Amino acid sequence: MRFFFLLILVLAGVGPVWGRQDISVSMKPLSSQDHVISGQEIRDWGLIRIADILELAPGFSGWSADGFRADGFVFGAGPAGSQQWRIAVDGQEVDARFVDGFHSEALPVSTSSIKSVRLRPPGAGPGGLSSSGWILFETNASDSLGATATVSVGNEAGDPGPYRYTELATPNVDRDGPSADVQLIIPFAAGRGDGAFFEPRDGGPLRLSLGVRADQAHLTNEAILDRVYVLFDGVRKPRMTLIQPRLGIELQRPGGLHRVTWTQTTLRDLPFLEAMGSELPVSRHSRSLRASGRQVARGLAVTYSVSASRSSMPERSNGEDLSLDWAESLMRLRLEIASAGADPVWSLGYSMLKRRPNSRGFEPFLPTVPHVDFRVTRSLASGWSRVWSGQIVLGRYPTTRVLPGLYMDMVRTEGPWTWSARAGFVAETPEDSGVEALWLAGGWDYPGDGAGRSLGPDRAHDVRTGSLDLEARQTRGDVEWAVALYGRSVHGLNVPAGRLEPDSLFEARYLSERVFRADVSGTLVGVRAWASQRVGEYLSHRLDYGFAHTARGDEAFRQAVSGLPQVRARYSLRVSPYPRTFFGLVARFDSRTEWSRYRTVSGGEDVVRLPARVTVDATFSKQLAGKHLRLHATLKNLTRGLTSSHPAGPLQDLVFVVGLRASLR
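Residues numbered from 1 in each chain as written. Predicted model: local features only at pLDDT ≥ 70, side-chain atom pairs only at ≥ 80, totals over all residues. Heavy atoms only, no water.

## Quick look at the overall build of the protein chain
Defined as follows: For the purposes of this entry, the term helix denotes a DSSP run of H or I that reaches at least four residues, the term strand denotes a run of E that reaches at least two, and both are numbered from the N terminus. Accessible area is worked out with a 1.4 Å probe on protein chains only. A residue is then buried under 20% of its type maximum, exposed over 50%, and partly exposed in between. It only takes one pair of heavy atoms within 4.5 Å for two residues to be counted as in contact. Methods summary: accessible areas were calculated by the Shrake-Rupley approach with a probe of 1.4 Å, and residue burial reflects only the protein chains presented.
Scanning the protein chain for helices and strands turns up seven helices and 38 strands. Counting the 665 residues in the protein chain, one finds 57% classified as buried. Counting contacts in the protein chain only where the partners sit at least 6 residues apart, residues at least 24 apart contribute 65% of the total. Accessible area for the protein chain stands at about 27200 Å²; split by element, carbon and sulfur atoms hold 59% of it.

## Considering unusual backbone geometry
For the bond from Gly177 to Pro178, the omega torsion is 10°, close enough to zero to count as cis. Relative to the helices and strands, Pro178 resides in strand 13 (residues 175–190). We note that Asp90 has phi near 55°; this positive angle belongs to a residue other than glycine. The topology assignment puts Asp90 in the loop between strand 4 (86–89) and strand 5 (92–94).

## Overview of the packing of aromatic side chains
Note the cut-off: The rule is short: rings of Phe, Tyr and Trp, with Trp giving its six-membered ring, pair when the centres are within 6.5 Å, and they are stacked under 30 degrees, edge-to-face over 60, tilted in between.
Within this structure, the stated rule accounts for five aromatic pairs. Consider the rings of Trp417 and Trp419, whose centres lie 5.5 Å apart with planes at 25°: the pair is stacked. On the basis of an interplanar angle of 85° and a centroid distance of 5.2 Å, the ring pair of Trp417 and Trp481 is categorised as edge-to-face. Within this pair, whereas Trp417 is found in strand 27 (residues 417–428), its partner Trp481 is found in strand 29 (residues 479–496), the two being separated by 64 residues in sequence.

## Digging into the nonpolar core
Worth spelling out the cut-off: The nonpolar core is taken to be a set of buried Ala, Val, Leu, Ile, Met, Phe, Trp, Tyr and Cys residues, with the residues joined through side-chain atoms within 4.5 Å.
Judged by nonpolar contacts, the single largest core of 46 residues is most densely connected at Leu107, Val117, Leu119, Ile135 and Phe137. Where this core is concerned, the elements lending two or more residues are helix 2 (39–45), helix 3 (50–54), strand 4, strand 8 (114–120), strand 11 (134–139), helix 4 (222–228), strand 16 (239–253) and strand 33 (581–590). Take this core: its biggest share by element is four residues, from helix 3. Beyond its immediate chain neighbours, meaning those up to four positions away, Val117 contacts His35, Val36, Ile37, Ile42, Ile53, Leu54, Ile135, Leu136 and Phe137. Counting 22 residues, the second largest nonpolar core, distinct from the first, contains Phe73, Val463, Ala556 and Tyr598.

## Quick notes on the pattern of salt bridges
Oppositely charged side chains can form a pair if their charged atoms are brought close together. Just so we agree on the cut-off: Here a salt bridge means any side-chain nitrogen of Lys or Arg lying within 4 Å of a carboxyl oxygen belonging to Asp or Glu.
In this structure the tally under the stated criterion is 32 salt bridges. The residue Asp34 makes a salt bridge to Arg118 at a minimum N-O spacing of 3.9 Å. Of this pair, Asp34 sits in the loop between helix 1 (2–12) and strand 1 (35–38) while Arg118 sits in strand 8, and the two are 84 residues apart along the sequence. By relative accessible area, which is 11% here, Asp34 ends up buried.

## Describing the pairing of strand 21 (residues 300–313)
Our working rule: At least two DSSP bridges between two strands are needed for those strands to be called paired.
Here strand 20 (residues 282–297) pairs with strand 21 via 13 bridges, running antiparallel. In the sheet register, Arg294 faces strand 21, and the bridge partner there is Thr303. From the end of strand 20 to the start of strand 21, which pair antiparallel, there are two residues, and Arg298 there has a positive phi angle of about 55°. Pairing analysis gives 14 bridges linking strand 21 to strand 22 (residues 326–339), with the strands arranged antiparallel. Its bridge partner lying in strand 22, Ser309 is registered against Leu330.

## Section: a nonpolar patch on the surface
So the rule is basically this: Only residues above 30% relative accessible area that lack a salt bridge enter a patch, with like-charged residues linked at up to 9 Å and the nonpolar side chains Val, Leu, Ile, Met, Phe, Trp and Tyr linked at up to 5 Å.
Taken together, the side chains of Leu300, Leu335, Trp346, Leu348, Tyr350, Val372, Phe374, Ile392 and Val402 define a hydrophobic patch exposed on the protein surface, amounting to about 750 Å² of accessible area. Of all elements in the fold, only strand 23 (346–359) and strand 24 (369–379) reach the threshold of two or more residues within the nonpolar patch. Tallying contributions element by element places strand 23 first for the nonpolar patch, with three residues. With respect to the secondary-structure elements, Val402 resides in strand 26 (residues 401–412).

## Focus on the pairing of strand 8
Of all seven residues that make up strand 8, six are buried, and the element is covered over most of its length. By the bridge criterion, four bridges tie strand 1 to strand 8 in an arrangement that is antiparallel. Each bridged residue has a counterpart across the sheet, and for His35 the counterpart in strand 8 is Leu119. Where strand 8 meets strand 11, six bridges bridge the pair, whose relative direction is antiparallel. When the bridges of strand 11 are listed, Arg120 appears paired with Trp134.

## Digging into the environment of Val616
Secondary-structure assignment places Val616 in strand 36 (residues 613–624). Among the residues examined, Val616 registers a relative accessible area of 16% and is labelled buried. Residues Val616 and Leu585, spaced 31 residues apart in sequence, show a C-alpha to C-alpha distance of 7.2 Å. Aside from chain neighbours lying at most four places away, what touches Val616 is Leu585, Val586, Ala587, Leu635, Lys636, Asn637, Leu638 and Thr639.

See below:
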């Protein structure tokens, strides 16, 4: 950590000059270190699932064990036992967590209305500091009546037809979808006449949005079937379904915008729970209500957000009388005040998060964690811009203490080169970084029939992370290229130390104990390089390369970063030979990964090794009826090699997906 503190002092050793730069609540980019996925790219590919959208970003290294959940790293940050990357929608932080981690498909986001998705390295974001990076969603705003709908369906090569759930079924033939996302926008304006009410009219200050998302997937991988078929009542159908209705009200006022949104997500699937070493057929329900807004008056901008949500896993009929009976309530409050105008120069925010889990009547004590954060922008006479971002957290477990955090950004955009540096550190409480460890420390028995998994209260510790990101970028004509170096130094990870056997028999699936190590530390260093070129008006392509290396750390730390490939390469091509026609291609290479937290059933191997993966996805889309319809056809995994990104995850062969997007305005 000393290296990072010294670097901050060196970068800060330039005389400050007050300046003006946009640091609005929406957190506009400070440098090219952010990677942006445009809404147009999402529409060209016809994507509906959030996990598929994130795969378009070269800075995202992800994996999934069940198809509806995306874990991983954002720009090399976020090892197991630390805080998961944080997410914001339209500048306000949101949550999408169940007991077994983050679920991307439960986010209250309509993919039909996404304007952009921005991935950001560790540092400041709309809710304070994050040691694992940010994923920021921005949605389109419209003051006219309209509706959008996207539907798609796909299937792997070797479709077994009507034999899917019989002995004649071809193994490992997954069905992708049908998937659908629908969004309706209705603007209202004050009616005319006596006692006028709001009536539908374009350009009105009041906007109502109605939406629903429905998704389905079938997993027929043999290993997964062997683990779950005995749990299902009746015909074995390891099918995953999602339904998510949404309702939003938005009011535009002079100098302000205010929103109220409601979302309900119902997942009936078979998530892989690591503590049990298997997929389990469960129903998961999540309901959230959120109010947010921003008002500008007298040179100040006030932003607020308050949300309440409840997630639960009620009992689902199964062949073993297995009951998880878990629920969690979560409340989040955010207030921020900033200097208004074209270029605000400072902001001050307060956040509060309250978790309340409940399992079979037992409620561990989880104290409220308040955060205070600030941000100040300065401009230097040399052409550099400097941004200080800090926070103070009042930790309350196991004792009351103050935890600091500080990041500094240096950016220079003048001249042919763009230079940027971001360095800082942040200390996070177990409530932020190791919720599962904190639950166990509070005496909670992990879901299931096993016992003896409680954890001593001295084992859930604060996680301290130092981060460094340096980048140089140059643009010459139609060619742009960049080189970036990064480092992550982590101390105090709450890492599970158990060995998992995902292929074991159901009766022997539970771990005898869930032991956490809170003294895990290590350092990860890496390099990223990319170059992009635009050829004429209709073709552009980009090449990315990344290398990550564990410079320091014991076996437990290597377990925490085991899902991050050492070498990653990616090539993307976009061709639009005609204004309404698009062809896209993405080729990826991931070096092999070693998951030392897993072992085979025989016990002869202590490490599960996933081989290197080469995947190629291609899509073709065509606009029809002007801009109202877009037809797309996508081929995933053209290399036809059975790939998996997680030891317990499904294998995937060639998948063919077709879909249609309709827009009526």
